[in-house]
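Here are the chains, one letter per residue:
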Amino acid sequence: MLQNHPEICRHLLWFFGVAACVKLLLIPSYHSTDFEVHRHWLALTRSLPLSQWYSDETSPWTLDYPPFFAYFEYFLSFFARLVDPQIVDVHQGLNYEADTVVYFQRISVIVSDLCLVYGIYRLTRKLEAKKRVAMWILVIWSPALVIVDHMHFQYNGFLLGLLMLSISYLQDGRDVMGGFLFAVLLCFKHLFAVAGPVYFVYLLRHYCRGGLLKGLGRLAAMGTVVVAVFAAAFGPFFYHIQQVISRMFPFGRGLCHAYWAPNFWVFYIILDKGLAFLLKKFGIDIPTPAASFTGGLVGDSSPFAVLPQVTPLSTLIMVLLALSPCLVKIWKNPHPGSVARWISYAYTCGFLFGWHVHEKASLHFVIPLAIVAVQSLEDAQHYFLLSIATCYSLFPLLYEAQEYPIKVVLLLLHSMLMWFGFSAKFSKVKPPTISDNKKTRKKGSSSSSSRSGEEGEFVIGWGGKCYIIGIVIVETWGQLLHPYFLGDKLPFAPLLLISIYCGVEVVYSWVWQLKRIMAD
Amino acid sequence: MFGLLVRWTVSLHSYSGAGNPPKFGDYEAQRHWMEITVNLPAQDWKLLMRFTVLSSDLLIFFPSVLYFIHAYYDVHSRGRKADVAWHILLILINPCLVLIDHGHFQYNCISLGLALAAVAAILSQRDLLACVLFCLSLNHKQMSTYFAPAFFSHLLGKCLRRKHPLLEISKLGLVVLGTFAMVWWPYLHSRDAALQVLSRLAPFERGIYEDYVANFWCTSSVLIKWKRLFPTQSLRLFSMVATILACLPSMIQQILAPSSKGFLYGLLNSSLSFYLFSFQVHEKSILLPLLPATLLAMEWPRPFKLLTHYALFSMFPLVCRDNLILPYIALYALCIFLYHPPGGRWDDSKRQGSTPLSLVSVLLTLAYLGSLVLHIVYLTVRPPERYPFLFEALIMLLSFSHFVLFAFHTNTKQWMLSGHLIGSDKGKKQH
């Protein structure tokens, strides 16, 4: 029952419209310093000449995204000036909090989400109805995206839209467009470069083949496209390129952000502290490190007491190591259907092992994974828990009491919608061959039958149920029991607990994804 | 799958509440009542107050809705699962209720919830329970008297059909008295105390209308200056007589031929007549007719949408005063989306039988467009010096005319139900 395109568009716009209403209602809610960051960039790009964009020091929020994003802010600043000139004044507009700027910026995010909508449209227009709607629910109504983009304030929606567009072109087999869009995306936010190796290997194997000469020719073509994009972005900054690079890659920031993202390094740090504690107990003297984790890295001293120091380079190597099995797989068999899976995996690795990772970066792998989630029962079950865990890990971003019901309700609502969506899609079917599928339905099972069929019912096994109950326990502890029993002592402890708990799920997801890719 | 969109309404309520500045006036009034008991710093108050509205909504209104839906669909025994879900959604995302309770700040959800539960009890043939619930609702907010005629006439009609009418009536009477006694217990120790409460409840000194409400007295005051012509006493009498006359037809119908659906229409009619003709009506009182309208939403979708629009429209000046324009727009847009779900099922499935291009529908469309324009005009254009309240008056006029049309339409529908078409002057089918 394939609906025609205008009807799909209308349906999709309905989803977007409903989400937009909710986002409109969220306009007065809390926004973080990222709001002032973007406002300052509006002012910067409007008022100063190009040469000073990356060297200006008026505000501590310097431009640390690549030039296309700067052009984007420049484009927005036209409208900002029409709405209220003070927004774009570099000095007068500092920490400007009036209604005009709030409305303008919030609405600009809502409108830029249309890019995401288009990306999703391209991805889902050929799917069957239930899968399509399920994907729309997962992405357009994603609570994590609402929390990060529309409350905390960022522009991830349209960046992820570009990524989705790129994936959709790759899935259609149009590699040049896919590569082009990815290059464009990189020039918007270089953080997306983690999937670079995947793209490179895939395009090399999938696009640049057909004999040596043709392959080389295609390689040259692709290369030219990419170089052209980069030239368009960085060309105007040719003489200041070093300044630009230094602003874009501020490595002095430390291994972990002020709030620890639920990644591998959390466990590394815990292990280090634990070992130090144990060794001290056994009488071995361990010097306490001069630097701390939450601050920047001071010189060469390592904040780790026992375990070896971690440098940006070592994190890069770890990410590449984690990626390598996937790259080998791509090299062997680059088929377009699994592109989304590989890209999500790449971002998962980047999140787990990267340097100075924000918890917001979990969006980078959760959203593309939604493309995969609707394909099979195991994927759906895995995604259900992963999206709940990553959304929960974003809760500390909104620490004010008035947002508390909003974030809880968003997550609950989304979980229920997911549950019903997946249950409707994967409803019980009664053929006799189902009996051995029952074993693979349990979450903890390692054997994954790569049957992409609709047999089996959508259930969460014991592991999953325990995990979800655990989330409730962690939250109760953080909100109620910790202040009650411990008062103001150890204020970092609940956040740490959330980090660790979600980190467990992320690590599990990484292993699961790797297994799935290898088994494909 | 759509069934759980219902939960969504929970989130909506919290947004309107948490995200918007409190309004002095009602907010301060409520807060003052509470401050007599508890002391808290100002910032926490806002949060606490919002939470109390949200929790009372959750605890009282939501279960009542579920009870109602259960009773309603039992009786009418139709409705696919999706229809039920949409109906719940429509009742819960009643934009006026959300705006007033969580934006402007009031506790209407409690009395409305109790009244709704009473309605549900009647639908499931539990009359005594309905009495108790309705009395509780009355005692929470005396605005529920808007529904009283409907309850009264329906129950009376039912009683008269039973074997021992007097017994039934006395049973009901006892229950009512008993509930009232329970609630008023602390004040019943002396006549003075009881009278004090009563006088605070009905502040007749305030005058027959305030501000610009879309009811009869206010609208006609453009031509007939009631306040100047008559003293308050006589105006009180006029309004009482007018109100009773207006809700008399529907009451009679229910007494003669009580039925569940007729009862719902009766609620709508009596509350509309109170709204139009009663004393000291506020714009917020449009909530009361709107509630039974949402209950009947699945029956007549197109007029219902129009009613919601005009109800919101009549509240627009209040919304602007409270700085709630953003949630107004967002809720309005949301309602439009919800009334036109992608499947488009319950909307277009019933055609009311009239040709789309009849004169009436053209006029209605023009009026609708006019009201949209008025929204913008009200916000941007400055009214002329001579008539500083010109736009409020226009809004009021437009809303009032539509409410009167609705009153005719719904009264007709109620009479059509029982098959009695009394009075061809009321029988003109407005669609």
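Cut-offs used in this document
- Residues numbered from 1 in each chain as written.
- Chains lettered and ligands numbered in written order.
- Predicted model: local features only at pLDDT ≥ 70, side-chain atom pairs only at ≥ 80, totals over all residues.
- Heavy atoms only, no water.
- UniProt positions renumbered as here; feature names shortened; annotations may be inferred.
- Helix = DSSP H or I, 4+ residues; strand = E, 2+ residues; numbered from the N terminus.
- Buried < 20%, exposed > 50% of the residue type's maximum accessible area, 1.4 Å probe, protein only.
- Contact = heavy atoms within 4.5 Å.
- Areas by Shrake-Rupley, 256 points an atom, 1.4 Å probe, with all protein chains shown as cover.
- Salt bridge = Lys/Arg side-chain N within 4 Å of Asp/Glu carboxyl O.
- Core = buried A, V, L, I, M, F, W, Y, C linked by side-chain atoms within 4.5 Å.
- Phe/Tyr/Trp six-rings, centres within 6.5 Å; stacked < 30°, edge-to-face > 60°.
- Lys NZ or Arg CZ within 6 Å of the ring centre and 35° of its normal.
- Expected span 1.5 Å × (residues − 1).
- pLDDT = per-residue confidence, 0-100.
- Axes fitted to C-alpha atoms, helices over the stretch in contact; angles between N-to-C directions.
- Parallel < 35°, antiparallel > 145°, perpendicular 65-115°, else oblique.
- Nonpolar A, V, L, I, M, F, W, Y, C, P; charged D, E, K, R; others polar.
- Disulfide = S-S within 2.5 Å.

As annotated in an unreviewed UniProt entry, chain B is Alpha-1,3-glucosyltransferase from Linum tenue. UniProt's Sequence similarities (unreviewed entry) comment on chain B is quoted here verbatim: "Belongs to the ALG6/ALG8 glucosyltransferase family."

In the nomenclature of an unreviewed UniProt entry, chain A is known as Alpha-1,3-glucosyltransferase of Linum tenue. Under the UniProt heading Subcellular location (unreviewed entry), the entry covering chain A gives this text: "Endoplasmic reticulum membrane".

Q: Help me out: how do you make sense of the overall build of chain A in this one?
A: The secondary structure content of chain A amounts to 20 helices and zero strands. Per-residue burial for chain A yields a buried fraction of 55% across its 520 residues. Looking at chain A alone, contacts between residues at least 24 apart form 77% of all its contacts between residues at least 6 apart. Accessible area of chain A: about 21,900 Å², with a carbon and sulfur share of 68%.

Q: Looking at this structure, how should I read the overall build of chain B?
A: Per the secondary structure count, chain B includes 21 helices and zero strands. Buried positions account for 53% of the 431 residues belonging to chain B. Total accessible area on chain B stands at roughly 19,800 Å², and carbon and sulfur atoms take up 68% of it.

Q: Got a minute to help me understand unusual backbone geometry in this structure?
A: Trans peptide bonds make up most of the peptide bonds, and negative phi angles are found at most residues other than glycine. Residues and elements named next belong to chain A. In this model, Phe153 sits at a positive phi of 90 degrees, which is unusual for a non-glycine residue. You can see Phe153 is positioned in helix 6 (residues 143-153). Even without being a glycine, His356 presents a positive backbone phi close to 50 degrees. For His356, a relative accessible area of 15% translates into the label buried.

Q: Sorry, what's going on with the pattern of salt bridges here?
A: Pairing is possible between side chains that carry opposite charge, provided their charged atoms lie close to one another. All names here are of chain A. Summed over the entire model, instances satisfying the criterion amount to ten salt bridges over all chains. In this structure, Arg341 and Asp379 form a salt bridge, with 3.0 Å as the shortest nitrogen-oxygen distance. Of the two residues, Arg341 is situated in helix 14 (residues 339-353) and Asp379 in helix 16 (residues 377-393); the sequence distance between them amounts to 38 residues. Residue classification places Arg341 among the buried residues on the basis of a relative accessible area of 8%. A single network of salt bridges, built from pairs that share partners, joins Arg122, Arg125, Lys126 and Asp172.

Q: Would you take a moment to explain the nonpolar core for this structure?
A: In a soluble, globular protein the nonpolar side chains are often hidden away together inside. In this structure, Phe422 of chain A together with Phe61, Phe68 and Phe403 of chain B are the most contacted members of the largest nonpolar core, which totals 270 residues. Here this core takes 13 residues from helix 6 (residues 108-123) of chain B, the largest share from any one element. The contacts of Phe403 of chain B, once residues within four sequence positions are left out, are Ala214, Leu272, Tyr275, Leu276, Ile286, Leu307, Tyr310, Ala311 and Ser314 of chain B. Counting residues in hydrophobic clusters, the runner-up holds nine residues, among them Trp260, Ile269, Phe304 and Trp355 of chain A.

Q: For this particular structure, what's the right way to read the packing of aromatic side chains?
A: How two aromatic rings sit relative to each other is set out by the distance from centre to centre and by the angle between their planes. Residue and element names in this part refer to chain A. Enumeration according to the criterion identifies 47 aromatic pairs over all chains in this entry. With a centroid separation of 6.5 Å and 50 degrees between ring planes, the pair formed by Trp14 and Trp141 is classed as tilted. In this pair, Trp14 is assigned in helix 1 (residues 5-25) and Trp141 in the loop between helix 5 (129-140) and helix 6, connecting sequence segments 127 residues apart. Exposure remark for Trp14: the relative accessible area of 5% places this residue in the buried category. The ring of Phe78 is capped by Arg46, whose NZ or CZ atom sits 4.5 Å from the centre of that ring. One residue, Arg122, lies across the ring of Tyr169, its end atom 3.9 Å from the ring centre.

Q: Which parts of the structure should I look at to understand helix 15 (residues 362-373) of chain A?
A: Because an α-helix packs 3.6 residues into every turn, residues spaced three or four apart end up facing the same way. All names here are of chain A. Across its twelve residues, helix 15 extends 16 Å between first and last C-alpha, which sits within 8% of the 16 Å expected from 1.5 Å per residue. Of all the twelve residues making up helix 15, twelve are buried; the element is thus mostly covered by neighbouring parts of the structure. Among the residues making up helix 15, those that are buried are Ser362, Leu363, His364, Phe365, Val366, Ile367, Pro368, Leu369, Ala370, Ile371, Val372 and Ala373.

Q: What should I look at first to understand the confidence of the model for chain A in this one?
A: Residue and element names in this part refer to chain A. Here chain A averages 81 in pLDDT, and 88% of its residues register 70 or above. Across residues 294-300, where pLDDT falls below 50, the model places 15 contacts with residues more than four positions away in sequence or in other chains. Here residues 429-454 is modelled with pLDDT under 50, and outside its nearest four sequence neighbours on either side it reaches 39 contacts, counting other chains as well.

Q: Sorry, what's going on with the packing of helix 9 (residues 196-206) of chain A against helix 14 of chain A here?
A: Helix-helix packing is described using two parameters, namely the angle between the two axes and the distance between the axes. Residue and element names in this part refer to chain A. For the pair helix 9 and helix 14, interaxial distance at closest approach is 9 Å and the crossing angle is 150 degrees. Relative to helix 14, the element helix 9 lies roughly antiparallel. Every residue of helix 14 that contacts helix 9 at Val198, Tyr199 and Tyr202 is listed here: Val339, Trp342, Ile343 and Ala346. Its residues assigned to classes, the contact of helix 9 with helix 14 shows seven nonpolar, no polar and no charged.

Q: Explanation requested: the state of the cysteines in the structure shown.
A: Note on terminology: a disulfide is the covalent bond linking the sulfur atoms of two cysteines. Scanning all chains against the criterion turns up zero disulfides over all chains. Among the cysteines around Cys115 of chain A, which has no disulfide bond, Cys9 of chain A carries the closest sulfur, lying 15 Å off.

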